[in-house]
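Listed below are the residues making up each chain.
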Amino acid sequence: MLTRQAFERQAPLRDSGYVEFKADGDAGAVRTLTELLGPPGEAGYWSVRYDQYQQLLQLLNAADRKLTDAQKQSVECRIFYEEPSEPSGTDESDGWVQAARLLTGFGSHRVVDYIANRRFSSYMQPIVQLSGKPIGYEMLLRPLPEQPPFRPSELFEAAREAGLHSFLDREARNSAIRVASRQLPAGVKKFINFLPSSIYRPDQCLQQTFERIIMSGMDPADFVFEVVETERLDDVKHLNKVFAAYRNMGIRLAMDDLGDEFATVEAMEQLQPDYIKLDRKWVAGCDGDADKQRRIEDVLERASRFHGVVLAEGVEREEEWRYLREAGVPLMQGYLFGRPSPVPMPVRFERTASTVSV
């Protein structure tokens, strides 16, 4: 049975399938699509198979260049896959949306263009022990030097609206692995963010990531994959499968403590990540805030039950460092130690303190 993709925000497009276009009543769009794809089929629309997500990105990028803005409003498209599915009662013709939905803009480019042409790289921010000695780096998505600046969270949100967040997430992981292989030695932890919602089949979706690590000559045990902080953790069952797939590869896991509204306390205890990151909202001013101190102490106590390592992010003031050290937080990250940079930079903050074995 063929499964139509309805372009819902929580449904990422998949690696292989068919993309269809139709342009009822727009002679100019018909000519453009015929030039790009050849004549339409008997049903009056174009159907193109793609076997890799890069093929879909290239096709969409080509359509974006050929179609005018007005044509993108009149042309409709849909995605479907050749796989078994549960009957939904939805009519076979459902799933059509404006092409403009897939070809949504972001800054000076389309989202699909950012992904297809990899208009981004990865910067590194140090993660340090109490003494200021770096034990690893978080890999953070940043625009290429020649590109206009953008907020990574906004790019991901735009990609989610178009159903392209799975592809962006994968290319961001690939970028992080490439940069880590060039810049960071063995034994240094490489923290890489990922979107659990974009990994619709953990074993299949993560295999390429694992292969890239191995082909780069790096040890999977040096990698820590971190749940993106904007992701809600309602589907703990799915996240458990994602965690299991990573752990089967020898990769460690991290997640943020964002507070009760993201259900991270319960998820943390069920998933038992190797690292728990204290969000900036708990760290900023923690040296003088009793409520934040109670939260930090609670996270430390919960993490100790499954031997999770707590990491405080967003540390900017020495007073925060002093309190966190006294509270027993072993790892820290923030502007106090170094900003994200394209190459590892010397840590600016060094103190004599007992180090922690991680």
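Above this text is the structure in question.
Residues numbered from 1 in each chain as written. Predicted model: local features only at pLDDT ≥ 70, side-chain atom pairs only at ≥ 80, totals over all residues. Heavy atoms only, no water.

K.L.:
How do you make sense of helix 7 (residues 165-183) when you look at a structure like this?
P.N.:
One turn of an α-helix holds 3.6 residues; hence residues three or four places apart share an orientation. Along its 19 residues, helix 7 runs 27 Å from first to last C-alpha, staying within 8% of the 27 Å computed at 1.5 Å per residue. Helix 7 sits mainly inside the fold: 15 of its 19 residues count as buried. (Helix = DSSP H or I, 4+ residues; strand = E, 2+ residues; numbered from the N terminus. Expected span 1.5 Å × (residues − 1). Buried < 20%, exposed > 50% of the residue type's maximum accessible area, 1.4 Å probe, protein only.)

K.L.:
Can you help me understand the pattern of salt bridges in this one?
P.N.:
In a structure, side chains of opposite charge can pair up when their charged atoms sit close to one another. Applying the stated criterion across every chain yields a total of 31 salt bridges. We note a salt bridge from Glu320 to Arg317, for which the minimum N-O separation is 3.2 Å. A relative accessible area of 1% places Glu320 in the buried class. Within the structure, one salt-bridge network assembled from shared partners comprises Arg280, Asp287, Glu316, Arg317, Glu319 and Glu320. (Salt bridge = Lys/Arg side-chain N within 4 Å of Asp/Glu carboxyl O.)

K.L.:
Teacher, can you tell me more about the packing of helix 1 (residues 27-37) against helix 2 (residues 53-66) here?
P.N.:
Helix packing geometry: the angle between the two helix axes and the distance between the axes. Packing of helix 1 against helix 2 brings their axes to within 10 Å, and their N-to-C directions diverge by 140°. Here helix 1 lies oblique to helix 2, going by the angle between them. Handedness of the crossing formed by helix 1 with helix 2: right-handed. Counting all contacts with helix 1, which are made through Thr32, Glu35, Leu36 and Leu37, the residues of helix 2 involved are Leu59, Ala62, Ala63 and Lys66. Looking at the contact of helix 1 with helix 2 residue by residue, the class counts come to 5 nonpolar, 1 polar and 2 charged. (Axes fitted to C-alpha atoms, helices over the stretch in contact; angles between N-to-C directions. Parallel < 35°, antiparallel > 145°, perpendicular 65-115°, else oblique. Left-handed = near helix turned anticlockwise from the far one by under 90°. Contact = heavy atoms within 4.5 Å. Nonpolar A, V, L, I, M, F, W, Y, C, P; charged D, E, K, R; others polar.)

K.L.:
Even after reading the chapter, I still don't get the packing of aromatic side chains, so can you show me in this structure?
P.N.:
For any pair of aromatic rings, geometry is given as the distance between the ring centres together with the angle between the planes. Per the counting criterion, the structure on display carries 11 aromatic pairs. Where Tyr18 meets Phe80, the ring centres are 4.9 Å apart and the plane angle is 5°; that geometry is what we call stacked. With Tyr18 in strand 2 (residues 17-22) and Phe80 in strand 4 (residues 76-82), this pair connects stretches of sequence that are 62 residues apart. We classify Tyr18 as buried; its relative accessible area is 18%. Ring geometry for Phe191 versus Tyr275: centroids 5.2 Å apart, planes at 70°, classification edge-to-face. In this pair, Phe191 is assigned in strand 10 (residues 189-194) and Tyr275 in strand 13 (residues 275-278), connecting sequence segments 84 residues apart. Pair check on accessibility: Phe191 and Tyr275 agree, each one buried. Clustering of aromatic rings is evident, with ring pairs tying together Phe194, Phe223, Phe225 and Tyr246. (Phe/Tyr/Trp six-rings, centres within 6.5 Å; stacked < 30°, edge-to-face > 60°.)

K.L.:
Please explain the sheet that holds strand 15 (residues 331-333) as it appears in this structure.
P.N.:
Pairing between sheet strands relies on hydrogen bonds along the backbone, with the strands arranged either parallel or antiparallel. Pairing is mixed around the closed barrel formed by 8 strands, whose spatial order is 8-9-10-11-12-13-14-15. Strand-to-strand twist in this sheet, taken as the mean axis angle between neighbours without regard to direction, amounts to 30°. With 5 bridges connecting them, strand 10 and strand 11 (residues 223-227) associate as parallel partners. Looking across to strand 11, one finds that Lys190 is bridged to Phe223. Helix 13 (residues 290-304) contacts strand 12 (252-257), strand 13 and strand 14 (309-313) of the sheet and is inclined by roughly 175° relative to strand 13. (Pairing = 2+ DSSP bridges.)

K.L.:
What am I meant to see in unusual backbone geometry here?
P.N.:
Across the chain, the bulk of peptide bonds are trans and the bulk of non-glycine residues have phi less than zero. For Arg118, which is not glycine, the phi torsion reads 50° and is therefore positive. Along the chain, Arg118 falls in the loop between helix 5 (111-116) and strand 8 (120-128). Of note, the phi angle at Gln272 is positive, near 50°, even though the residue is not glycine. Here Gln272 shows up in the loop between helix 11 (264-271) and strand 13. For Gln272, a relative accessible area of 41% gives the class partly exposed.

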